[in-house]
Amino acid sequence: MAVLGPSPCPLGFPEVPPYYGLSEGEAAGRPPGSDPLDPTDLNGAHFDPEVYLDKAHGMLKLYYGLSEGEAAGRPPGSDPLDPTDLNGAHFDPEVYLDKLRRECPLAQLMDSETDMVRQIRALDSDMQTLVYENYNKFISATDTIRKMKNDFRKMEDEMDRLATNMAVITDFSARISATLQDRHERITKLAGVHALLRKLQFLFELPSRLTKCVELGAYGQAVRYQGRARAVLQQYQHLPSFRAIQDDCQVITARLAQQLRQRFREGGSGAPEQAECVELLLALGEPAEELCEEFLAHARGRLEEELKSLEAELGPSPPAPDVLEFTDRGGSGFVGGLCQVATAYQELFAAQGPAGAEKLAAFAQELGGCYFALVERRLAQEQGGSDNSLLVRALDRFHRRLRAPARERLGHHLQGLRAAFLGCLTDVRQALAAPRLAGKEGPGLAELLANVASSILSHIKASLAAVHLFTAKEVSFSNKPYFRGEFCSQGVREGLIVGFIRSMCQTAQSFCDSPGEKGGATPPALLLLLSRLCLDYETATISYILTLTDEQFLVQDQSPVTPVSTLCAEARETARRLLTHYVKVQGLVISQMLRKSVETRDWLSTLEPRNVRAVMKRVVEDTTAIDVQVGLLYEEGVRKAQSSDSSKRTFSVYSSSRQQGRYAPSYTPSAPMDTNLLSNIQKLFSERIDVFSPVEFNKVSVLTGIIKISLKTLLECVRLRTFGRFGLQQVQVDCHFLQLYLWRFVADEELVHLLLDEVVASAALRCPDPVPMEPSVVEVICERG
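Criteria and cut-off values
Residues numbered from 1 in each chain as written. Predicted model: local features only at pLDDT ≥ 70, side-chain atom pairs only at ≥ 80, totals over all residues. Heavy atoms only, no water. Helix = DSSP H or I, 4+ residues; strand = E, 2+ residues; numbered from the N terminus. Buried < 20%, exposed > 50% of the residue type's maximum accessible area, 1.4 Å probe, protein only. Contact = heavy atoms within 4.5 Å. Areas by Shrake-Rupley, 256 points an atom, 1.4 Å probe, with all protein chains shown as cover. Axes fitted to C-alpha atoms, helices over the stretch in contact; angles between N-to-C directions. Parallel < 35°, antiparallel > 145°, perpendicular 65-115°, else oblique. Nonpolar A, V, L, I, M, F, W, Y, C, P; charged D, E, K, R; others polar. Polar contact = N/O pair within 3.5 Å; in protein donor to acceptor, adjacent residues only side chain to side chain. Patch = residues over 30% accessible without salt bridge, like charges linked within 9 Å, V, L, I, M, F, W, Y side chains within 5 Å. Salt bridge = Lys/Arg side-chain N within 4 Å of Asp/Glu carboxyl O. 1 Å grid on protein atoms, 1.4 Å probe; cavity = no way out; pocket = protein on both sides within 12 Å on 5 of 7 lines; lining within 4 Å. Points joined across faces, edges and corners; volume = space filled by probe spheres on them. Lys, Arg positive; Asp, Glu negative; His and termini not counted. Charge placed at Lys NZ, Arg CZ, Asp CG, Glu CD. pLDDT = per-residue confidence, 0-100. Expected span 1.5 Å × (residues − 1). Phe/Tyr/Trp six-rings, centres within 6.5 Å; stacked < 30°, edge-to-face > 60°. Lys NZ or Arg CZ within 6 Å of the ring centre and 35° of its normal. Core = buried A, V, L, I, M, F, W, Y, C linked by side-chain atoms within 4.5 Å.

**Some remarks on the overall build of the protein chain**
Across its full length, the protein chain carries 26 helices and zero strands. Taking all 785 residues of the protein chain together, 35% fall into the buried category. Taking contacts inside the protein chain between residues at least 6 apart in sequence as the whole, the part at least 24 apart equals 76%. Of the roughly 46,800 Å² of accessible surface on the protein chain, 57% is carried by carbon and sulfur atoms.

If you want it as structure tokens, here you go:
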């Protein structure tokens, strides 16, 4: 570095010679040999944009072969100082007129005058439009500046107060932080110690609490207390104090278990009490195998007593009861008790697995065989009688008792399908209400519909597979026609499948029954989804499910069944009600916005309209969102042929002579006419609009219904107000803005046209000074809005 010599750089770095051999101009991007003082050099320090543009303009004229006059719009060869050149800078009107009078005949003078008048009118129109635009902008800017002055003056005062308050808060915060800085850690430690002491207090009071619960017979509460403290006592049992608490609790728990076992062994307790005792003993850690044996032994004792009482009635000495009474007593006593024992056993000892199921099966088979033997003995005593009425009735009841478990299983699966459907609705509600994560969109309505339909169908197939075991070939009673026919027809098809479809329709219709309570809390998207689900069931799903049921169960019973067409009609009616309710709910939402916007505004003293009200923009936005939402599930629908000026029709209505006459106080100077009478006469010849007409299953019909409800609400609200001149003009601007966008959503654009026409007419009838706004101004405001 010493070779380079001292550095003149202020930062102390040595001056390095140019490595690439470039000059300053070449390093700055200028071509070699260029003038560094050239004003047209974009990379130079002396660049002048005007000189650069003049040079570029000259190059363009040179390229196209134009002279100065041709570039300025003058014909070739014309004098730039000609006073008769309209486009020249030295134009003189007197000289121009003298030249025309001398050189042009009368016809050419008339043509020149006509052409000039046309040009003047065009310029006046352009100037008027420019003045309107700039005038509105200037007025808007003036109002904005005035508001800014007032707002900034208030804001300055508020900022001063805020600064003062912030200074006070900062001072208080600093003093509090300084005071509590030393105590913060101590407070945290004390809070942790307090929580620990509360836990320790519970542990130290645990023996007394357990003793009190045992004395009061609150065995369930005592078991819950012991379960909460078991893990802590086990973990700290090496400490003497905790060891003493654990020993006391074990003594009390042993006494509690003894009392529960004593209660369990009491003969007067039934199956529910027995199950509760076993459940508490299992929670106390008693061996499940031992409890299982005791449970079955105790149940055997009770059921054997029932069998002995039935057997005693069959003795030779006392007169035996009639066979009907015997069957009823056996069914309500022994069979009912056996079912309760089986249900409780499955709930308590499900963890035993196949071994526990085998024990229960052997237990039920042994006692059931004894019961059937008694029934056979009692039926044998009826062989000598001539009257078979009681015997037939007894056999019928006995048969019904045996078939009751199959019906109960069908009812159980029906409840499972209903619960699955309600669970699907809950999942849909959560998916619709869940906020959208950043960068992630939730599932759409089409995806949610597919998930619900597939989930319900899979549950139906699972239920059919489960009850199909009752009709397996290896099961002896399944081949009996008296069981199979009724079970498959009335049980599976009618009771399970048809019952679930009707239950699903009733659940869906329940969202439409009370709009003020349940319906108001139902998301509109859920109504739309359920409507499409029911419509899909009507078109294909119901036929598929019933065909699948008939194929699996081979329904051959002659009992009447519900036709497919009846279920399809019920599903379609449910879909129609849901879609109609969706239209009413969405129409009510938009109507509330319009109603509040009309009722909360002072229309007599409102300012001259300069823009479209924000609520009208919100109405268009919400309608567009509804259009997208409905389009996810329903087809487009059919529209009437639209005219080429659909978005401009409002101008012709508001600016036509008929409409202007409506605003005017009289149509002729000598013959005034009542505007109310004219409006009523016009309504006689206009087509009646049915606001709540039936809704069809397509997007156009749904949007038409919502827009009719919304605009009808706007009309009725306008009829209740009085408008000033500017209030009427604001209504005119708002209605034109709605006409620009709403016509594309409805089936017939004339409907929106007529409703908005009536809204403006109603506002004009309620205006003391009905002066409408110029159509061109309305157009400018709406296009700007």
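**Some details on the packing of helix 8 (residues 240-265) against helix 10 (residues 288-312)**
At their nearest, the axes of helix 8 and helix 10 sit 10 Å apart, and the two run at 25° to each other. Comparing the axis directions of helix 8 and helix 10 gives the class roughly parallel. When helix 8 is examined against helix 10, the residues Arg 261, Phe 264 and Arg 265 are found in contact with a partner set consisting of Glu 290, Leu 291, Glu 294, Phe 295 and His 298. Here the residues of the contact of helix 8 with helix 10 are counted per class, giving three nonpolar, one polar and four charged.

**Details of the side chain of Gln 509**
As for its placement among the helices and strands, Gln 509 is situated in helix 15 (residues 481-513). Within the structure, the side chain of Gln 509 is placed 3.0 Å from the side chain of Arg 577, a separation counted as a polar contact. Other than its neighbours up to four places away in sequence, Gln 509 contacts Thr 574 and Arg 577.

**Focus on a nonpolar patch on the surface**
On the surface, Met 148, Phe 152, Met 155, Met 159, Leu 162, Met 166 and Ile 169 cluster together into a nonpolar patch covering about 680 Å² of accessible area. Here Met 155 is to be found in helix 5 (residues 106-180). Given the relative accessible area of 42%, Met 155 is considered partly exposed.

**Brief notes about empty space enclosed by the protein**
Under the defined criterion, the tally for this structure stands at two cavities of 30 Å³ or more. Considered as a void within the structure, the largest cavity measures approximately 50 Å³ in volume. Looking at the largest cavity, the residues that line it are Val 598, Trp 603, Arg 613, Met 616, Leu 714, Val 718, Val 731, Asp 734, Cys 735 and Val 759. Elements represented by at least two residues in the lining of the largest cavity include exactly helix 23 (699-718) and helix 24 (725-742). When residues in the lining of the largest cavity are grouped by element, the largest group, three residues, is from helix 24. Considered class by class, the residues forming the lining of the largest cavity number eight nonpolar, no polar and two charged. There is about 40 Å³ of room inside the second largest cavity. If you go around the second largest cavity, the residues you meet are Ile 590, Val 619, Thr 623, Ile 706, Ile 707, Ser 710, Leu 711 and Leu 742. At the level of elements, helix 19 (614-631) and helix 23 are the ones that each hand at least two residues to the lining of the second largest cavity. Counting residues per element, the lining of the second largest cavity draws most heavily on helix 23, at four residues. When the residues that make up the lining of the second largest cavity are grouped by side-chain class, the tally is six nonpolar, two polar and no charged.

**A look at a negative patch on the surface**
Taken together, the side chains of Glu 156, Asp 157, Glu 158 and Asp 160 present a region of like negative charge at the surface. The residue Glu 158 is located in helix 5 in this model.

**Here we look at the pattern of salt bridges**
Counted according to the given criterion, the structure contains 21 salt bridges. Between Arg 576 and Glu 573 there is a salt bridge, with its nearest N and O atoms 2.4 Å apart. Here Glu 573 and Arg 576 lie together in helix 18 (residues 564-599), a separation of three residues that amounts to about one turn. The exposure class of Glu 573 is partly exposed, given its relative accessible area of 34%. For the salt bridge of Glu 599 with Arg 595, the shortest nitrogen-to-oxygen distance reads 2.9 Å. You can see Glu 599 and its partner Arg 595 sitting in helix 18, four residues apart, about one turn around the helix. For Arg 595, a relative accessible area of 28% translates into the label partly exposed. One network of salt bridges, with partners in common, ties together Lys 712, Glu 716, Arg 719 and Glu 758.

**Overview of the confidence of the model for the protein chain**
Summary statistics for the protein chain give a mean pLDDT of 77 and a share of 75% for residues scoring 70 or more. Low confidence marks residues 1-22, where pLDDT is under 50. Its contacts with residues over four positions away, or in another chain, come to nine contacts. Contacts for the low-pLDDT stretch residues 516-520, under 50 throughout, to residues beyond four places or in other chains number seven contacts.

**Some points on the packing of helix 24 against helix 25 (residues 749-765)**
The N-to-C vectors of helix 24 and helix 25 enclose an angle of 175°; their axes lie 9 Å apart at closest approach. As judged from the angle between their axes, helix 24 and helix 25 are roughly antiparallel. Contacts between helix 24 and helix 25 pair Leu 728, Val 731, Gln 732, Cys 735, Leu 738, Gln 739 and Leu 742 from the former with Val 752, His 753, Leu 756, Val 759, Val 760, Ala 763 and Ala 764 from the latter. In terms of residue class, the contact of helix 24 with helix 25 is built from eleven nonpolar, three polar and no charged.

**Topic: the environment of Pro 83**
With respect to the secondary-structure elements, Pro 83 resides in the loop between helix 3 (68-71) and helix 4 (93-103). Assessed through its relative accessible area of 28%, Pro 83 is described here as partly exposed. A sequence separation of 13 residues divides Pro 83 from Tyr 96, and the C-alpha atoms of the two residues are 7.1 Å apart. Apart from the residues within four sequence positions on either side, Pro 83 is in contact with His 90, Phe 91, Asp 92 and Val 95.

**As for helix 14 (residues 445-467)**
Its 23 residues give helix 14 an end-to-end C-alpha distance of 33 Å, which sits within 8% of 33 Å, the value for a rise of 1.5 Å per residue. Of the positions making up helix 14, those classed as buried are Leu 445, Leu 448, Leu 449, Val 452, Ser 455, Ile 456, Ile 460, Ser 463, Leu 464 and Val 467.

**Describing the packing of aromatic side chains**
This structure, assessed with the given rule, holds four aromatic pairs. Across the ring face of Phe 172, the terminal group of Arg 175 is positioned such that the distance to the ring centre comes to 4.6 Å. Across the ring face of Tyr 634, the terminal group of Arg 532 is positioned such that the distance to the ring centre comes to 5.2 Å.

**Observations regarding the environment of Glu 783**
Among the secondary structure elements, Glu 783 is positioned in helix 26 (residues 775-784). Residue Glu 783 is classed as exposed on the basis of its relative accessible area, which comes to 53%. Sequence spacing of Glu 783 and Phe 737 is 46 residues, and the spatial spacing of their C-alpha atoms is 8.4 Å.

**A short note on the nonpolar core**
Judged by nonpolar contacts, the single largest core of 107 residues is most densely connected at Ile 456, Ile 460, Leu 530, Val 702 and Leu 738. Apart from residues lying up to four places away in sequence, Ile 460 is in contact with Leu 417, Ile 497, Phe 500, Tyr 537 and Ile 545.

**Thoughts on helix 24**
Its 18 residues place the ends of helix 24 26 Å apart at the C-alpha level, agreeing with the 26 Å of an ideal helix rising 1.5 Å per residue. Most of helix 24 is tucked away, with 15 of its 18 residues classed as buried.

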